[in-house]
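A closer look at the structure
What follows is the residue order along each chain.
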Amino acid sequence: MAFSPSISHSSSILSPNALARDAKPRKISPTPSQCSAASCLPHCPPVCRVGFVSHRGRRESSVRISASITDTPVEKSMEKVNLPKGDMWSVHKFGGTCVGTSERIKNVAEIIVNDDSERKLVVVSAMSKVTDMMYNLIYKAQSRDDSYVSALDDVLEKHRLAALDLLDGNDLASFLSRLHHDINNLKAMLRAIYIAGHATESFTDFVVGHGELWSAQMLASVVRKSGLNCQWMDTRDVLIVNPTSSNQVDPDFLESERRLEKWFSQNPSRIIIATGFIASTPQNIPTTLKRDGSDFSAAIMGALLRARQVTIWTDVDGVYSADPRKVGEAVILRTLSYQEAWEMSYFGANVLHPRTIIPVMRYDIPIVIRNIFNLSAPGTMICQPGVAEDEDGQKLDSPVKGFATIDNLALVNVEGTGMAGVPGTASAIFGTVKDVGANVIMISQASSEHSVCFAVPEKEVNAVAEALQSRFRQALDAGRLSKVTLSSLILISFLIIMQANINVRAIAQGCSEYNITVVVKREDCIRALRAVHSRFYLSRTTIAMGIIGPGLIGATLLDQLRDQAAVLKEEFNIDLRVMGITGSRRMLLNDAGIDLSRWRELLKEKGEVANLEKFTQYVHGNHFIPNTVLVDCTADSNIASCYHDWLRKGIHVITPNKKANSGPLDQYLKLRALQRKSYTHYFYEATVGAGLPIISTLRGLLETGDKILKIEGIFSGTLSYLFNNFTGTRNFSEVVAEAKQAGYTEPDPRDDLSGTDVARKVIILARESGLKLELSDLPVRSLVPEPLRACASADEFMQKLPQFDKDLAKERQEAEEAGEVLRYVGVVDAVNGRGNVELRRYSKNHPFAQLSGSDNIIAFTTTRYKAQPLIVRGPGAGAQVTAGGIFSDILRLASYLGAPS
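**Comments concerning the overall build of the protein chain**
When helices and strands are tallied, the protein chain shows 29 helices and 33 strands. Expressed as a percentage of the 901 residues in the protein chain, the buried residues total 51%. Taking contacts inside the protein chain between residues at least 6 apart in sequence as the whole, the part at least 24 apart equals 70%.

Take a look at the structure:
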């Protein structure tokens, strides 16, 4: 069979048909003397002769290219080997930087050898800068620049030197022979291009694809030196693509799969080194995969093999949350969904091109981006969403995944009252833009249809503006369109909008900045409207509240809310609506807000059986109020166990209940992790020191970079009162009885004297300081005598307590003789990572010896406050101050939700 096209004309443009293969290509093995321009055929080059015919006396020259292809049957006595598919395959792609030098090619080979996958397919780019060098050859040749010859010699030398360093023996001789053979073919083709003064796209694609051929062959030889079975693949024999009108190509997966199976039956191997970037058309004409072609090759091969994973090796640790050149605090993202990767790539982030993701997405094959120069970095995995979800399907990743920009854009605004309701206006606008050939990056139109704005590359904006003004000249002159304006801009992408528990489905802003339109679910409409309204101070910040535990502290809080409600509304634009009050037995619900002046009698008269789940749903389910907070005024561990679920649902939590933050460490860490990853708030200032600013002071120190060395304090108002009055000749039991009578102790004083309450506060502060301690880790000095711990009642305990007065009296006497006093304290030793609760002695001039009544005092020793600790002192117990601390947290929440600070 012979195929001999020829072209003969002046200033000739080479026909891509000169590159056409036989419809059923077979391997051809020419001798070096047979090489010529027709070696563009992806198989080994056919016979091709190039002749230049000169006609003396004529001003024009003609170029004649003729090619002949002769089928040579190849006989193989081997059984057909079926191509296995599935998780046994791992696909790797190494970019030009990864194989930029001979040393780096050795590193790549080591990675391949060390991969314990059953089967491996490796896609490689050309060596660093080689593709640019090949494009430069085309440019020089069609510009009739003779230096293309020396430039081609540079390409030869680069690969020759790399081969000399990597290969030896027959491998070296074979590669150098093939390299010289290819270079000779390229010289002939470039000479033809030089004469014609033009290169077709097919010829260009053929020339620039050689870099991948050479790097793949060298890498395969290096891997074989390790004793492994390894074949190299010219992917022009396998990947079939259809060119599109948008300078891209669409893979033909069915044909590619058929050819891959045929190739594998002839070249069975557990390791395949494949060329990236290059492919063939259905007519067997060499082509490329255009932008990011090697990544695309890897994705296509991963899909054809149904591989377990595709790893893209590059020179960065993964995908950053923002461009680290612009944002120094940018972090590596551990996971991205396919869609998020599309968006970030579209907005200019250094992520895979969207078309690279499509082939693997069909089969849920993850793509991992890793740094070949930092193998310890885990990289970024691009996969189906759900990796970072909890057991309830709630996403725990930060709601904002990344920030990216597109620079050098211009915004085109077409505006006028004559646009509203006129069919075909948008079609006319964008049809005009299409005719110019401009790329529209973003489109936004307000619902009023008064204006349409869109972004285009800045270099294209003048042509777009002129075309629009010409197209709409009559409308502009008649006033139906008021203007076509231009402005430069940078687009910033937020992949997931920060949400106030309302899902924004779509958003658009007119360039006039007068109109922002968002699309939300129907049931979220009123809540969304009120939320944005209050956020911009145009109405009150309204919060739906549920009060749990209307005991001493809860009742006091309700009374404080009642007394302050009018002031908060009128002076601070804060509307606190108590929608529900629940105790352990009865609850009161009202969707308009409970009348706090009568809440006690209403709870008795109209209360229903308490049900915490129904209570929560009722308070949170009011669609007229965008924000919900539950205030737990109990000391119940069962209530505290609900906090995680409430926060996950978007309900804010405020509490003086110490059980959650001092309970099991794993539950505490889970709660705090959720708090940090969500936009719901969890405030618990009153868990330590009642209304004193203990937690906020500690956080302020840590957040500003201070380091906690020690926290020491008198944390119990009851025990503060006891030891402030345990002086002179008074017995300890006498002071306890006095405190109980005055209401300073719990109904059973053992609850105070055991030290458990102080220990919980120490644990809370220790954990806030970064220590991972359990309550059981703390040694606690109990003031309840061992024989009295099993007393049946508080009365029995009080009757028998005087029998043990002598022990504490002795400790007091020893302290007084040394000029000291006894104080019951809790200590966080952050340096040694421990804490304890004990009875200590302090000199009479120490701040802890200066207390009176039931005051608390806490001393923070830090790197800043080392010589002189930072001290917080004041009332640390009592319903009024505790309720005041809770109220303060409620107002802090209101300010976070939009109320004036």
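Structure shown, so let's carry the discussion forward.
**Regarding the confidence of the model for the protein chain**
Taken as a whole, the protein chain shows an average pLDDT of 83; of its residues, 80% reach a score of 70 or greater. Mean pLDDT values for the elements of the protein chain range from 30 in strand β1 (residues 6-10) up to 98 in strand β9 (residues 271-275). Across residues 1-78, confidence stays below pLDDT 50; counting only partners more than four residues off in sequence or on other chains, it has 161 contacts.

**Quick word on unusual backbone geometry**
You will see that N284, though not glycine, has its phi angle at about 65 degrees, which is positive. Positive phi, normally seen in glycine, also occurs at D364, with a value near 55 degrees. Among the secondary structure elements, D364 is positioned in the loop between α10 (354-361) and β14 (367-371).

**Thoughts on helix α16 (residues 599-606)**
Of all the positions in α16, only W599, L602 and L603 are classed as buried. Seen from one end, α16 has its buried residues packed into an arc of 105 degrees, which puts them on one side. In α16, the exposed positions angled more than 90 degrees off the buried face are occupied by K604 and E605.

**Concerning the sheet that holds strand β5 (residues 119-124)**
One open sheet accounts for eight strands, arranged β6-β9-β5-β4-β12-β14-β15-β13; its pairing is mixed. In this open sheet, the two strands that pair with only one neighbour each are β6 (230-233) and β13 (335-337). Direction aside, the axes of adjacent strands within the sheet are offset by 20 degrees on average. Pairing of β5 with β9, which is carried by five bridges, proceeds in the parallel orientation. Residue pairing across strands places L121 opposite I272, the latter belonging to β9.

**Description of the pairing of strand β29 (residues 708-714)**
By the criterion of burial, β29 is predominantly enclosed, with six of the seven residues buried. Of the pairings in the sheet, the one linking β29 to strand β32 (residues 855-862) comprises six bridges and is antiparallel in character. In the strand pairing of β32, I708 is matched with T862. Judged from the four bridges that link them, β29 and strand β30 (residues 820-829) form a sheet pairing that is antiparallel. Residue G713 lies in a different strand from β30, and its bridge partner there is G826.

**Description of the packing of aromatic side chains**
As enumerated under the stated definition, the model contains 13 aromatic pairs in all. Taking 5.8 Å as the distance between ring centres and 10 degrees as the angle between the ring planes, the aromatic pair formed by F94 and W313 counts as stacked. Of this pair, F94 sits in strand β4 (residues 89-94) while W313 sits in strand β12 (residues 309-314), and the two are 219 residues apart along the sequence. For the pair formed by F94 and W313, the shared burial category is buried. A cation sits over an aromatic face here: R471 above F472, 5.1 Å from the ring centre.

**Focus on the sheet that holds strand β22 (residues 541-548)**
The strand order across the open sheet formed by seven strands is β25-β24-β23-β22-β26-β27-β28, and the pairing between neighbours is mixed. Across the chains shown, the open sheet's two edge strands, defined by having one partner strand only, are β25 (608-609) and β28 (682-683). Judged from the three bridges that link them, strand β23 (residues 574-582) and strand β24 (residues 586-589) form a sheet pairing that is antiparallel. In the sheet register, G580 faces β24, and the bridge partner there is L589. The sheet contacts of helix α29 (residues 879-896) involve β22, β23, β26 (627-632), β27 (652-654) and β28, and relative to β27 the element is tilted by about 155 degrees.

**Structural notes on the nonpolar core**
Ranked by internal contacts, the top residues of the largest apolar core, which has 68 residues, are Y643, I711, L722, F723, F732 and L765. The element that contributes the greatest number of residues to this core is helix α26 (residues 756-768), accounting for seven residues. Look past the residues within four positions of Y643 in its chain and what remains in contact with it is D632, V653, T655, N657, A660, L671 and Y682.

**Some thoughts on the pairing of β32**
Within β32, eight of the eight residues are buried, which leaves the element mostly enclosed by the surrounding structure. Burial along β32 is two-sided: the residues D855, I857, A859 and T861 and N856, I858, F860 and T862 are all buried. As defined by bridge partners, β32 adjoins strand β33 (residues 870-875) across six bridges and the pair is classed as antiparallel. Each residue of the ladder has a partner; that of N856, found in β33, is G874.

**Focus: helix α8 (residues 293-305)**
Under the 1.5 Å per step criterion, the end-to-end length of α8 is 18 Å for 13 residues, consistent within 8% with the ideal 18 Å. Just beyond α8, the residue with positive phi is R306, at close to 55 degrees.

**Some thoughts on the side chain of S733**
Relative to the helices and strands, S733 resides in helix α24 (residues 732-741). Using a relative accessible area of 9% as the deciding quantity, one classes S733 as buried. Setting aside residues up to four positions removed in sequence, S733 forms contacts with M798, L801, P802 and D805.

**As for the packing of helix α15 (residues 552-572) against α29**
Between α15 and α29, the least distance of the axes is 9 Å, while the angle of their chain directions is 50 degrees. In terms of axis orientation, α15 runs oblique to α29. Note on packing geometry: the crossing formed by α15 with α29 is right-handed. Contacts between α15 and α29 pair L552, I553, T556, L557, Q560, L561, Q564 and L568 from the former with A879, Q880, T882, A883, G884, I886, F887, I890 and L891 from the latter. When its residues are assigned to classes, the contact of α15 with α29 shows eleven nonpolar, six polar and no charged.

**A word on the packing of helix α2 (residues 130-142) against helix α5 (residues 201-208)**
Between α2 and α5, the least distance of the axes is 9 Å, while the angle of their chain directions is 140 degrees. By the angle between their axes, α2 is oblique relative to α5. For α2 against α5, the interelement crossing comes out right-handed. Across from M134, Y135 and I138 in α2, the residues of α5 making contact are T204, V207 and V208. For the contact of α2 with α5, the residue count by class is five nonpolar, one polar and no charged.

**What about the pattern of salt bridges?**
One pass over the full model with this rule turns up 44 salt bridges. Across the pair D145 and K140 runs a salt bridge whose closest N-O atoms are separated by 3.7 Å. The exposure class assigned to K140 is buried, which follows from its relative accessible area of 18%. By sharing partners, the salt bridges in this structure join K85, E257, E261 and R306 into a single network.

**Looking at the environment of A455**
Within the secondary structure, A455 is located in strand β18 (residues 451-457). On the basis of relative accessibility, which here comes to 0%, the residue A455 falls in the buried class. Sequence spacing of A455 and N413 is 42 residues, and the spatial spacing of their C-alpha atoms is 8.8 Å.

**Quick look at the side chain of T655**
Assignment of secondary structure puts T655 in the loop between β27 and α20 (659-662). Judged by its relative accessible area of 1%, T655 is buried. Within the structure, the side chain of T655 is placed 3.0 Å from the side chain of Y643, a separation counted as a polar contact. Not counting residues up to four positions away in its chain, the partners in contact with T655 are D632, Y643, Y682, F683, Y684, A686 and T687.

Criteria and cut-off values
- Residues numbered from 1 in each chain as written.
- Predicted model: local features only at pLDDT ≥ 70, side-chain atom pairs only at ≥ 80, totals over all residues.
- Heavy atoms only, no water.
- Helix = DSSP H or I, 4+ residues; strand = E, 2+ residues; numbered from the N terminus.
- Buried < 20%, exposed > 50% of the residue type's maximum accessible area, 1.4 Å probe, protein only.
- Contact = heavy atoms within 4.5 Å.
- pLDDT = per-residue confidence, 0-100.
- Arc of directions from axis to C-beta.
- Pairing = 2+ DSSP bridges.
- Axes fitted to C-alpha atoms, helices over the stretch in contact; angles between N-to-C directions.
- Phe/Tyr/Trp six-rings, centres within 6.5 Å; stacked < 30°, edge-to-face > 60°.
- Lys NZ or Arg CZ within 6 Å of the ring centre and 35° of its normal.
- Core = buried A, V, L, I, M, F, W, Y, C linked by side-chain atoms within 4.5 Å.
- Expected span 1.5 Å × (residues − 1).
- Parallel < 35°, antiparallel > 145°, perpendicular 65-115°, else oblique.
- Left-handed = near helix turned anticlockwise from the far one by under 90°.
- Nonpolar A, V, L, I, M, F, W, Y, C, P; charged D, E, K, R; others polar.
- Salt bridge = Lys/Arg side-chain N within 4 Å of Asp/Glu carboxyl O.
- Polar contact = N/O pair within 3.5 Å; in protein donor to acceptor, adjacent residues only side chain to side chain.

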